[in-house]
Amino acid sequence: MARKKRGQGVVLDSFLDIMTCMLGVLMLMILLTGVDAAQIKVLIPTPIAHSSDKKQVFIECREDQLFLVPVAELRQLAQKELNDISQEAGGDMTQLLSRLAESSARTAEYKVDLTYALLGKFAIVSLPGAKGYRLLDTSKEKATDWYGRILTTLDGEKEMLTFLVRDDSFTVFKRARGLAWARKIEVSYELLDSEEPVKFGLGGSRSMAQ
Amino acid sequence: MARKRTFDQDLSSFMCIILMVIGVMCIVLITNVVMIISNPENIRITSLIQSVGAWVQGEPEMVGAQPFPFGNRFKDPIYIDVHRQHLVLYPSEDVVSIRDLERKGNALELLLDELHEKREEEYVVLLARPGTAAVFHRLKKLILDRGVDLGWELYEADRPVDYERAARAAGKME
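Treat the numbers as computed from the prediction; the structure is a model and nothing was measured.

### Looking at the overall build of chain B
Scanning chain B from terminus to terminus reveals 4 helices and 6 strands. The linear arrangement of helices and strands in chain B, starting from the amino end, is α-β-β-β-β-α-β-α-β-α. Out of the 174 residues in chain B, the part that is buried amounts to 26%. Long-range contacts, defined here as pairs at least 24 residues apart, represent 62% of the contacts in chain B between residues at least 6 apart.

### Points about the packing of helix 1 (residues 13-38) of chain A against helix 1 (residues 12-38) of chain B
Two elements in contact, helix 1 of chain A and helix 1 of chain B, have axes separated by 9 Å at closest approach and are oriented at 25°. In terms of axis orientation, helix 1 of chain A runs roughly parallel to helix 1 of chain B. Here helix 1 of chain A and helix 1 of chain B pass one another in a crossing that is left-handed. Each residue belonging to the contact of helix 1 of chain A with helix 1 of chain B can be placed in one class, and the counts come to 20 nonpolar, 4 polar and 1 charged.

### What to know about the packing of helix 2 (residues 71-89) of chain A against helix 3 (residues 93-101) of chain A
Residues and elements named next belong to chain A. One way to put it is that helix 2 packs onto helix 3 with a least axis distance of 9 Å and a crossing angle of 150°. On the basis of their axis angle, the class for helix 2 and helix 3 is roughly antiparallel. For the pair helix 2 and helix 3, the sense of crossing is right-handed. Each of Ile85, Ser86, Glu88 and Ala89 in helix 2 lies in contact with helix 3, whose residues at this interface are Gln95, Leu96, Arg99 and Leu100. Split by residue class, the contact of helix 2 with helix 3 holds 4 nonpolar, 2 polar and 2 charged.

### A closer look at the domain arrangement of chain B
One frequently used descriptor of interface size is the decrease in accessible area upon assembly of the parts. Its domain assignment divides chain B into domain 1 (12-42) and domain 2 (76-169). Once you take the C-alpha centre of each, domain 1 of chain B and domain 2 of chain B turn out to be 47 Å apart.

### Some points on the sheet that holds strand 5 (residues 121-126) of chain A
Residues and elements named next belong to chain A. In space, the 3 strands of this open sheet follow the order 4-5-8, with antiparallel pairing throughout. Either end of the sheet is taken by a strand with one partner, and the two such strands are strand 4 (110-113) and strand 8 (198-201). On average, adjacent strands in this sheet sit at an angle of 25° to one another, irrespective of strand direction. Here 4 bridges tie strand 5 to strand 8, and the two strands are oriented antiparallel to one another. Bridging across to strand 8, Phe122 finds its partner in Phe200. Across the sheet, helix 2 lies against strand 4 and strand 5, angled at about 45° from strand 4, the strand it touches most.

### A look at the nonpolar core
If you look at the biggest cluster of nonpolar residues, it comprises 64 residues, and the most contacted ones within it are Phe163(A), Val165(A), Ala176(A) and Leu126(B). Sort the elements by how many residues they give to this core and helix 5 (residues 170-182) of chain A lands first, with 7 residues. Among all residues touching Val165(A), those that are not within four sequence positions of it are Cys61(A), Phe170(A), Phe173(A), Tyr189(A), Glu190(A), Leu191(A), Leu192(A) and Leu154(B).

### Digging into the pairing of strand 5 of chain A
With 4 bridges joining them, strand 4 of chain A and strand 5 of chain A adopt antiparallel strand pairing. Among the inter-strand pairings, Val112(A) is bridged to a residue of strand 5 of chain A, identified as Ile124(A).

### Structural notes on the confidence of the model for chain A
The share of residues in chain A with pLDDT of 70 or more is 90%, and the mean pLDDT across the chain is 84. For chain A, per-element mean pLDDT is lowest for strand 1 (residues 41-43) of chain A, which scores 64, and highest for strand 3 (residues 65-68) of chain A, which scores 94.

### Let's talk about the sheet that holds strand 2 (residues 76-82) of chain B
All names here are of chain B. Strand order in the open sheet formed by 5 strands is 4-3-2-5-6, and the pairing between neighbours is mixed. Two strands in the sheet have a free side with no partner beyond their single neighbour: strand 4 (94-97) and strand 6 (150-154). Each strand of the sheet is rotated relative to its neighbour by a mean of 25°, with strand direction disregarded. Sheet contacts for helix 3 (residues 133-145): strand 2, strand 5 (122-128) and strand 6; angle to strand 5, the most-contacted strand, approximately 175°.

### Observations concerning unusual backbone geometry
Of note, the amide linkage connecting Tyr90(B) to Pro91(B) takes the cis form, showing an omega dihedral of 5°. Relative to the assigned elements, Pro91(B) resides in the loop between strand 3 (86-89) and strand 4. The residue Asp64(A) is not glycine, and still its phi comes out positive at about 55°. Along the chain, the position of Asp64(A) falls in the loop between strand 2 (55-62) and strand 3. The partly exposed category is assigned to Asp64(A), around which 17 C-beta atoms lie within 10 Å.

Rules behind the numbers
- Residues numbered from 1 in each chain as written.
- Chains lettered and ligands numbered in written order.
- Predicted model: local features only at pLDDT ≥ 70, side-chain atom pairs only at ≥ 80, totals over all residues.
- Helix = DSSP H or I, 4+ residues; strand = E, 2+ residues; numbered from the N terminus.
- Buried ≥ 20, exposed ≤ 12 C-beta atoms within 10 Å, placed from the backbone.
- Contact = placed C-beta atoms within 7 Å.
- Axes fitted to C-alpha atoms, helices over the stretch in contact; angles between N-to-C directions.
- Parallel < 35°, antiparallel > 145°, perpendicular 65-115°, else oblique.
- Left-handed = near helix turned anticlockwise from the far one by under 90°.
- Nonpolar A, V, L, I, M, F, W, Y, C, P; charged D, E, K, R; others polar.
- Domains from an automatic or database assignment.
- Pairing = 2+ DSSP bridges.
- Core = buried A, V, L, I, M, F, W, Y, C linked by C-beta atoms within 7 Å.
- pLDDT = per-residue confidence, 0-100.

Shown next as structure tokens:
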């Protein structure tokens, strides 16, 4: 009697069907994932500057510290001072000029240089020795911290941050900008020389957002 | 009498092939999935400036940094490296001294003329180094007056400009 060959009884047809189906499913999945992986969007990160109507909140970056520039408050102080000076001078130009140079419109960090008022400008000078905010670690910045509070209270729809960056403070500026951008807040920035006053008014232009 | 047809083919070798193909496909699938997971936003950065964070000497720029949220995806950047005494124009790497800017037909003027023609496809990125505020503001005005779009980045004094890397990523260079 012929011996039955070993293994001949195993029917692989149904297993082969399963395998073929699996192959088909895998091909489809590869196709889908391949299309997704290949569709690479090209991002050129440096934003194009554009004009923005949003209200600007000014932050100065100097000595690797951040200072909030109270523009409205300084304007009010300067206006009051100018009114007082013009009343006291009573039309005497020499007295007016000397009083403008001795202006005392100031806050803890800034003073207004009223001599620029004659040129139709409003100039703010940083006071030496003022203590600002040191933003050392962006990951540790909380909503209750100085800069975190500014970011959380800022209305991104209506307001934007404008950084006035001095030569020595690129690092702190980039940290602050990174946090603002992470919160999708528009930012503009201007480079200023180390001793240059911040000037507003005639001859200037609105800082463009990026 | 009709003979009954039978298929007694040995399919085990075909099975081996199928199994191998499935194995290869699994590897391809895993590779695709890993690619998608590692870059969920499908972003390839083609810019010289790759992060919003501060530059740290000796560290690769992309580590832990996020791309610009308001980044431009439509125009190609033309970089101008602004130094106190001179400008470096990329990709030609022409050096133009500040004094030369007053000369008619200087390299910057030629570049801006060229850019004006291609202003729908290209824009200028100024890399402002420390101590260049006055030059930087003049350049900004000059470029905007020509109707060319502009972006700028404050660039640390000793930070190198690795233009080739950006050009390669953008497919402008092999």
